[in-house]
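The chain contents come next:
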Amino acid sequence: MADHDRDRFLALMEGIIGAWAYMQGLFEDLPLPVTLPAFEARDDEDGPATALLALNRVRQLIQDEPIPDRDKRAYEHMVLDWFAAYEMLVLTKMAGPAPWRLDVVEFAVNRFVTWVELIEEDEPDES
């Protein structure tokens, strides 16, 4: 992997790990709090499988939350965009960098941020 691709890859990976931590906080603030385990990127075969399965389970739990349907869809899409970014980074690590792969990650991360902004727009201002 060329240095500029590697730097971009590492920055995007760091970004989605940070997004994971951000989702943990969002889920804990739900009316029926949901705990998401820590995400540990590892090189072994299992990797973060437990955390990824837990995030998929959150998609189902969100449907039972006493929040508007619009917000349920926003949470669902936020999670799916996180998955899209993560899976594309895994593919990049396995198959090598391609400009479109890292572009797809950036696009998914941007959509993730948009969903977060939509979710936070409805939260009461604490100031």
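In case you missed it, the structure is sitting above this.
Residues numbered from 1 in each chain as written. Predicted model: local features only at pLDDT ≥ 70, side-chain atom pairs only at ≥ 80, totals over all residues. Heavy atoms only, no water.

Q: Give me the lowdown on the pattern of salt bridges, citing residues and values where you can.
A: Two side chains with opposite charge may pair up if their charged atoms get near one another. Tallying each qualifying case throughout the model produces seven salt bridges. Residue Asp71 pairs with Arg70 through a salt bridge whose shortest N-O separation is 3.8 Å. Residue classification places Arg70 among the partly exposed residues on the basis of a relative accessible area of 33%. One salt bridge in this structure joins Arg111 and Asp81, with 2.5 Å as the shortest N-O distance. Here Asp81 lies in helix 3 (residues 69–95) and Arg111 lies in helix 4 (residues 99–121), a separation of 30 residues in the sequence. A single salt-bridge network, built from bridges that share partners, covers Arg8, Asp103 and Glu106. (Salt bridge = Lys/Arg side-chain N within 4 Å of Asp/Glu carboxyl O. Buried < 20%, exposed > 50% of the residue type's maximum accessible area, 1.4 Å probe, protein only. Helix = DSSP H or I, 4+ residues; strand = E, 2+ residues; numbered from the N terminus.)

Q: So what about the nonpolar core? Which residues, and what values?
A: Counting 36 residues, the largest nonpolar core has Met23, Phe27, Leu55, Tyr75, Met78 and Trp82 as the members making the most contacts within it. For this core, the secondary-structure elements that each account for two or more residues are helix 1 (3–28), helix 2 (49–62), helix 3 and helix 4. Counting residues per element, this core draws most heavily on helix 3, which supplies 10 residues. If we skip the residues at most four places from it in the chain, Met23 touches Leu36, Leu55, Met78, Val79, Trp82 and Phe112. (Core = buried A, V, L, I, M, F, W, Y, C linked by side-chain atoms within 4.5 Å. Contact = heavy atoms within 4.5 Å.)

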